[in-house]
Amino acid sequence: MPDTRTRLLEGTLHTLAEHGIAKVSARSVAAAAGVNQALVFYHFGSMDELLAAACRHGAEERVARYRERLAEVTSLSGLLALGREIHDTERASGHVALIGQMLAGAQTHARLGPATAAGLDMWITEIERVLRRVLAATPFGEFADPEGLARAIAASFVGLELYEGADPEGATRALDALERLADLVSAVDALGPVAQRAVRAHLRRSVARPKRSSPSAERAVSGPGPTDTP
């Protein structure tokens, strides 16, 4: 049997997933955990503290479940394929609904917002490690921002998890599009050394090229032109 603290954390996650943030209370959590209601406050002090701890506990548990699989990924397409598998598994087990409830609860529970962000950061850290490894040998390695890209991927999957409830077909098409994008990156990675050098040179020129200001911005700096109305 898990200890009382762990039972309360698991009971909180179960209540969130099954009944939503509105139904989470010391009584409902204690009932789900099979313990006395007073133990909620004995171990955590308040419901906000319990919710925050449960959020971190759930994230640590889920990330640990996939850490070895993530360490085996060797390509961007492989990362997105694993992400899709994780998405399907987590949806079937109810954890997609749990993330939705945590995000909803963060609007009203002060402690849940930072805890939810910290939980997402655990996923982002693992994704960033994969990106740094798989992009390093590609023409994109010196131009990519692994941390920013990891956050974009995590945000995309969180958004898709929420969007899927309203439009499952649209969410599936979005995942398909991400996988096709990864296939394009893999195709560039498969080019010979000469072609890869050409891609790198083109990317360097694109990055170094100064951005042109819009006509309206240029007029704002230089003053009205001859055809502008005074």
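Definitions and cut-offs
- Residues numbered from 1 in each chain as written.
- Predicted model: local features only at pLDDT ≥ 70, side-chain atom pairs only at ≥ 80, totals over all residues.
- Heavy atoms only, no water.
- Core = buried A, V, L, I, M, F, W, Y, C linked by side-chain atoms within 4.5 Å.
- Buried < 20%, exposed > 50% of the residue type's maximum accessible area, 1.4 Å probe, protein only.
- Helix = DSSP H or I, 4+ residues; strand = E, 2+ residues; numbered from the N terminus.
- Contact = heavy atoms within 4.5 Å.
- Salt bridge = Lys/Arg side-chain N within 4 Å of Asp/Glu carboxyl O.
- Arc of directions from axis to C-beta.

Trainee: Is there a simple way to think about the nonpolar core in this case?
Mentor: The nonpolar side chains of a soluble globular protein tend to be buried with one another. Counting 24 residues, the largest nonpolar core has Leu-8, Leu-16, Met-47 and Leu-50 as its most contacted members. Elements with a minimum of two residues in this core: helix H1 (4-19), helix H2 (26-33), helix H3 (38-44), helix H4 (47-71), helix H6 (95-105) and helix H7 (112-135). At seven residues, the largest contribution of residues to this core is made by H4. Those residues in contact with Leu-50 that lie beyond four places of it in its chain are Leu-8, Leu-9, Thr-12, Val-29, Val-40 and Phe-44.

Trainee: Explain the pattern of salt bridges to me, please; I cannot follow it from the model alone.
Mentor: Using the criterion set out here, one finds eight salt bridges in the structure. Between Asp-176 and Arg-84 there is a salt bridge whose closest N-O contact spans 2.6 Å. Taken as a pair, Asp-176 in helix H9 (residues 168-189) and Arg-84 in helix H5 (residues 76-93) lie far apart in primary sequence, 92 residues in all. Taking relative accessible area as the criterion, Arg-84 reaches 17% and is therefore assigned buried. Here the residues in one salt-bridge network are Arg-67, Glu-126 and Arg-129, joined through shared partners.

Trainee: Please explain H2 as it appears in this structure.
Mentor: Each full turn of the α-helix corresponds to 3.6 residues, which orients residues three or four apart in the same direction. Of the positions making up H2, those classed as buried are Ala-26, Val-29, Ala-30 and Ala-33. In an axial view of H2, the angular spread of the buried residues amounts to 100°, which keeps them on one side of the axis. Exposed and oriented more than 90 degrees from the buried face of H2 are Arg-27 and Ala-31. Gly-34 sits one or two residues past H2 and shows a positive phi near 70°.

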